[in-house]
Amino acid sequence: MEVDIHKIISSLTLHEKASLCSGLDFWHLKGIERLGIPSILVTDGPHGLRKQAGNADRAELTQSIPATCFPTASATASSWDRNLLYEIGRALGEESLQEDVAVILGPGANIKRSPLCGRNFEYISEDPYLTGELAASLINGVQSQGVGTSLKHFAVNNQERRRMTIDAIVDERTLREIYLAGFEQAIKKARPWTVMCAYNKINGRYCSESERLLTTILRDEWAYEGLVVTDWGACNDRVEGLKAGQDLEMPASNGLNDARIVEAVSSGALDEAVLNLAVERLLKLIFKAAENRKTGYRYDQPAHHALARRAAAESMVLLKNEDHILPLKKNAKIALIGAFARQPRYQGSGSSLINPARLDNAHDELAKVTTNFTYAAGYDLITDRPDEALIDEACAAARNADVAIVFAGLPAAYESEGFDREHLRMPESHNRLIQRVAETNPNIVVILSNGAPVEMPWISSVKGILEGYLGGQAGGGAAWDVMFGDVNPSGKLAETFPRNLEDTPAYKYFPSGPKTVEYRESIYVGYRYFDSARKAVLFPFGHGLSYTTFAYSDLNIARDQITDNDGLKVSLAIRNTGSVAGAEVVQLYVRDEAATIFRPEKELKGFDKVFLQPGEERRIEFTLDKRSFAYYNTGIAGWHVESGAFEILVGASSADIQARGRVWVESTQPAVRVPDLRPAAPIYYSLPSDKLEIDESAFRALYDYELPNNRRLPDEAFTINSTVSEVRRTFIGRQLYGRVRDSIRQTLGAGEDETVNKMADRMIEDLPLRNLVLFSNGQLSFELMHALLLMMNRKPIQGFFQLIATRLKKKRGAAE
């Protein structure tokens, strides 16, 4: 059905236009019945459908309809499989069709700057190229079903601590090469229906009202034509947001910000043409979604569970396999140890919390294969303290077994949306158990359930380590598929596992605050840092073992010399030299041999996952372009290649290079000045091999602006963007906190859930006062909050009179 959107816009009143620019409630967009504009539903993702079962005026995290819980992004990223991500996306689209969901909120494309970020399980990688490729595949899969996606959180949302107010201070080159490149790639390759702007500021401007981010870069440079929606509660100034290119505020603001739009247009502060453009984008989304609705559609639930199991198995990473302890023999006597084997840790907490349609556990799935095993819990899920009686029981089981299989990792309360981790340690109860069992039986395999890297003090004592990440509802069965050899492991790490937290490049600068977080490590994120600094790691980026072996040969680089406008074909042969079928992820890296601007040791620029039978050989081809060799030049505000020699590196990980070649790339912009920061910031050219510490003068030279103040001044006034934790030092602030805490917990549906309550409490502390107004369901107004702010800022008389005026205004409004 053809819809004349411009005719509809001309028929809308100013109030109706403004109303369309915010949600109806937490999950629905507004419709206007008289003009045939339907209301559509959006829901959380991204590794399953979190459609709320209860009150749509709340974000009840524990109350949602059953849906397939696929492995989280940290797991599926380890598959390095574009086709698999597309299949998962298509399945998510099918489930959305059944539930009449127009847009699923995901995928998350934020870079894993630090392994401590509490939401890393929801993100893809430390590398922007891998992030962009896999995000695009998932988006294309979902949208093939006529369901939209929301690429998030745009941008530089790399921590949970103070995420709603923190100002990310990042230099322009780093912003472009690391933190925007994945978004750019996904947007250009997949055209998501919506992009979700993040809570935080970037270099002094909230993402939700940054015209440079939402219009200049997103729309003008990347030619994005879809809708920009705020993260839930990310809107700061609604009118400035509209001007910047923010189309939709979510969730509902109970008309508060709609009224501000009307007032701004009426006063001339906002051009109505700007509002009309936002409404046009909204209507395009709404009618596209309505057109693709499929009433009565039903997806194949068993098929989706089978896909979830296959995805979990393909995403598992075999980190260590000493003495070929895996695969297990089907007749082996097994000691199955670890409470996670019966009560699996299979997903993260927060807005992505899925109510699984079915949940397999490793204990019951093993019982379907063999009865020749004994089970011992090994640790108590309620406490981190080692329970010696449980450990003794586990050791007794291990003593009489051919092999001990220990399920361990991170409890839900260790990592979640809303708060960051404070260390990389597993609970002491898990570490102590593994060490004791290893002393009892040297044939021990550890299966990890965690959303991000962990330290492994017991690594030399175990023979096998299988990284399962958060494997979704079918992960329990998938683990045995891999361990018994029914599936040959083919996962590769999409992030570096450091030896300890202090080795990570952002260690000194994460999460920082209270006002700013400085990205002093610049482009040196993940393997870009570890490889450049020659620093040893636990497991490198791209690492993953197999039950077979592969040989790389016959690297061919089509030309010895090209210009930066030419494409370059690179090919090589890959052969399965083992006795079982398997898959290898062939990784291509590029290294600038001699650059004026500092460059990483190597950067991923291509990959392909190849499935091969024993003895089978296949030729793989990559095509490199200008961006494969370029850095971002701030002087020309664009991508530039410095003429010179580049090394082409192909291998099984960033640390396992199997083939090398060389090409000379001639710049077509020879007159462009290449920045040389060696005099002002030499550390970026020669990284220390111990701890990375960037002094302020070096970072200032890189940032090229004065660094903003990161501390609250002693007499600094509280504002509408002050956080609840900041105002708690005042009497009024403490009263606000007390009233808000229970309300937020109730809104999130926390109940007795320890992790959700912890998330709620951290969120409350970091919540700006403006959000208390917007989330209050009309109980608070901006006028009332300003009156309270006057009192908190030691102006009690002015505050008292404004409070009286606000109450009188409210009474007059009620009377009318």
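Residues numbered from 1 in each chain as written. Predicted model: local features only at pLDDT ≥ 70, side-chain atom pairs only at ≥ 80, totals over all residues. Heavy atoms only, no water.

Focus on the nonpolar core
Here is step 1: Core analysis: the largest hydrophobic core is formed by 163 residues, its most contacted members being F154, W232 and M785.
Here is step 2: Broken down by element, this core gets its largest block of residues, 9 residues, from helix α11 (residues 272–291).
Here is step 3: Dropping the residues within four chain positions of it, W232 is found in contact with F26, W27, V42, L105, M164, M196, Y199, M250, P251 and F775. (Core = buried A, V, L, I, M, F, W, Y, C linked by side-chain atoms within 4.5 Å. Buried < 20%, exposed > 50% of the residue type's maximum accessible area, 1.4 Å probe, protein only. Helix = DSSP H or I, 4+ residues; strand = E, 2+ residues; numbered from the N terminus. Contact = heavy atoms within 4.5 Å.)

Quick look at the packing of helix α4 (residues 82–98) against helix α12 (residues 301–315)
Here is step 1: One can describe the packing of α4 onto α12 by two numbers: an axis separation of 11 Å at closest approach and a directional angle of 150°. Judged by the angle between their axes, α4 and α12 are roughly antiparallel. Along this stretch, α4 crosses α12, giving a crossing that reads as left-handed. Across the interface between the two elements, L84, E87, I88, A91, E94 and E95 from α4 touch H304, L307, R310, A311, E314 and S315 from α12.
Here is step 2: For the contact of α4 with α12, a count of residues per class yields 5 nonpolar, 2 polar and 5 charged. (Axes fitted to C-alpha atoms, helices over the stretch in contact; angles between N-to-C directions. Parallel < 35°, antiparallel > 145°, perpendicular 65-115°, else oblique. Left-handed = near helix turned anticlockwise from the far one by under 90°. Nonpolar A, V, L, I, M, F, W, Y, C, P; charged D, E, K, R; others polar.)

As for the packing of aromatic side chains
Here is step 1: For the structure shown, the criterion picks out 23 aromatic pairs.
Here is step 2: Consider the rings of W80 and F541, whose centres lie 5.4 Å apart with planes at 55°: the pair is tilted. Of this pair, W80 sits in the loop between α3 (73–76) and α4 while F541 sits in the loop between α17 (527–532) and β18 (550–557); the two residues are 461 residues apart in sequence, bridging distant segments of the chain. Accessibility assignment for this pair places W80 and F541 in one class, buried.
Here is step 3: The class for W80 is buried, based on a relative accessible area of 1%.
Here is step 4: An aromatic cluster is built from W80, Y129, Y527, F541, Y589 and F607, whose rings are joined through pairwise contacts.
Here is step 5: Of note, R260 hangs over the ring of F782, and the distance from its end group to the ring centre comes to 4.0 Å.
Here is step 6: Above the face of the F419 ring, K758 is positioned so that its terminal group lies 4.3 Å from the ring centre. (Phe/Tyr/Trp six-rings, centres within 6.5 Å; stacked < 30°, edge-to-face > 60°. Lys NZ or Arg CZ within 6 Å of the ring centre and 35° of its normal.)

Digging into the environment of T723
Here is step 1: By the secondary structure assignment, T723 is in the loop between α19 (696–703) and α20 (724–727).
Here is step 2: Taking the C-alpha atoms as reference, T723 lies 17 Å from S743; in sequence the two are 20 residues apart.
Here is step 3: Leaving out residues up to four positions away in the same chain, T723 has contacts with R162, T165, E765, D766, L767 and P768.

As for the sheet that holds strand β27 (residues 656–666)
Here is step 1: The strand order β19-β27-β26-β21-β22 describes an open sheet built from 5 strands, whose pairing is mixed. Strands with a single pairing partner mark the edges of an open sheet, and in this sheet they are β19 (561–563) and β22 (603–612). The average undirected angle you get between the axes of adjacent strands in this sheet is 30°. (Pairing = 2+ DSSP bridges.)

Points about the pattern of salt bridges
Here is step 1: As enumerated under the stated definition, the model contains 63 salt bridges in all.
Here is step 2: A salt bridge links D323 to K463; the nearest nitrogen and oxygen atoms lie 3.2 Å apart. Of the two residues, D323 is situated in the loop between β10 (317–321) and β11 (334–337) and K463 in the loop between β15 (444–449) and β16 (464–467); the sequence distance between them amounts to 140 residues.
Here is step 3: Note on D323: relative accessible area 55%, which makes it exposed. (Salt bridge = Lys/Arg side-chain N within 4 Å of Asp/Glu carboxyl O.)

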